[in-house]
Amino acid sequence: MLLAIRSLIQTRGQASLSDLALHFRVSPEAMQGMVEHWIAKGQVRRQSCSSCSGGCGGCPSARAADIYLWTGPDPRPGS
C-alpha cells in the first residue's frame, strides 16, 4: 500500500489526508502514519491547514485538511 500511496501523490502532485483515506478506505489516522514514511524519505511534504483560528493542528478537522505535496524526483521521463 505504501507504493500505491506514493504513486497517487506523485501522479496528482498533491493530495489531502482525507482524500487519501477515502481512496484507500482507511482511517485518516492510519493514512497519516503511512504518509509519514514518505515524509521521512523526503519525497512528500505536509502543508497544514491554516483556516482555523487556533492555528494548524488545533482541531481534528485541521489535521484532516492537511495536504501532502510530492517533492521527490520528477516522474516524467526526460525531466
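Just so it is clear, the structure is predicted and the values come from calculations on it, not from any experiment. (Residues numbered from 1 in each chain as written. Predicted model: local features only at pLDDT ≥ 70, side-chain atom pairs only at ≥ 80, totals over all residues. Heavy atoms only, no water.)

J.: What's the story with the environment of Ile9 in this structure? I'm lost.
T.: Turning to its location among the elements, Ile9 is positioned in helix α1 (residues 2-12). Judged by relative accessible area, which is 0%, Ile9 ranks as buried. Put simply, Ile9 and Val35 are 26 residues apart on the chain and 9.7 Å apart in space, counted from C-alpha to C-alpha. When sequence neighbours within four positions are dropped, the list of residues in contact with Ile9 reads Gln14, Ala15, Leu20, Val44, Tyr68, Leu69 and Trp70. (Helix = DSSP H or I, 4+ residues; strand = E, 2+ residues; numbered from the N terminus. Buried < 20%, exposed > 50% of the residue type's maximum accessible area, 1.4 Å probe, protein only. Contact = heavy atoms within 4.5 Å.)

J.: Any chance you could explain the nonpolar core here in plain terms?
T.: Nonpolar side chains in soluble globular proteins tend to be buried together. One finds Ile5, Ile9, Leu20, Met31, Val35, Val44 and Tyr68 to be the most contacted residues of the largest nonpolar core, which totals 15 residues. Among the secondary structure elements, those contributing two or more residues to this core are α1, α2 (17-24), α3 (28-40) and β3 (67-70). Setting aside residues no more than four positions away along its own chain, Val35 makes contact with Ile5, Leu20, Val44 and Tyr68. (Core = buried A, V, L, I, M, F, W, Y, C linked by side-chain atoms within 4.5 Å.)

J.: What should I look at first to understand unusual backbone geometry in this one?
T.: Excluding glycine, residues mostly carry a negative phi; peptide bonds, for their part, are mostly trans. The phi dihedral of Arg25 is positive, around 55 degrees, even though this residue is not glycine. Relative to the assigned elements, Arg25 resides in the loop between α2 and α3.

J.: I tried to follow the pattern of salt bridges on my own but got confused; where do I start?
T.: Oppositely charged side chains may form a pair once their charged atoms are brought near each other. One pass over the structure, following the stated rule, counts one salt bridge. Across the pair Arg46 and Glu36 runs a salt bridge whose closest N-O atoms are separated by 2.6 Å. Of the two residues, Arg46 is situated in strand β2 (residues 44-47) and Glu36 in helix α3; the sequence distance between them amounts to ten residues. Residue classification places Arg46 among the partly exposed positions, given a relative accessible area of 28%. Owing to a relative accessible area of 28%, Glu36 belongs among the partly exposed residues under this scheme. (Salt bridge = Lys/Arg side-chain N within 4 Å of Asp/Glu carboxyl O.)

J.: Sorry if this is basic, but what is going on with the sheet that holds β2 here?
T.: Two orientations exist for strands paired in a sheet by backbone hydrogen bonds: parallel and antiparallel. Spatial strand order, β1-β3-β2: three strands in an open sheet with antiparallel pairing. Only two strands of the sheet have a single partner each, and these edge strands are β1 (14-16) and β2. Taking each pair of neighbouring strands and ignoring which way they run, the sheet shows an average axis angle of 25 degrees. Looking at chain direction, β2 and β3 are connected through four bridges and run antiparallel. Bridging from a neighbouring strand, Gln47 pairs with Ile67 of β3. Against the sheet, α1 contacts β1, β2 and β3, and its axis sits at roughly 80 degrees relative to β3. Contacting β1 and β3, α2 crosses the sheet at an angle of about 80 degrees to β1. (Pairing = 2+ DSSP bridges. Axes fitted to C-alpha atoms, helices over the stretch in contact; angles between N-to-C directions.)

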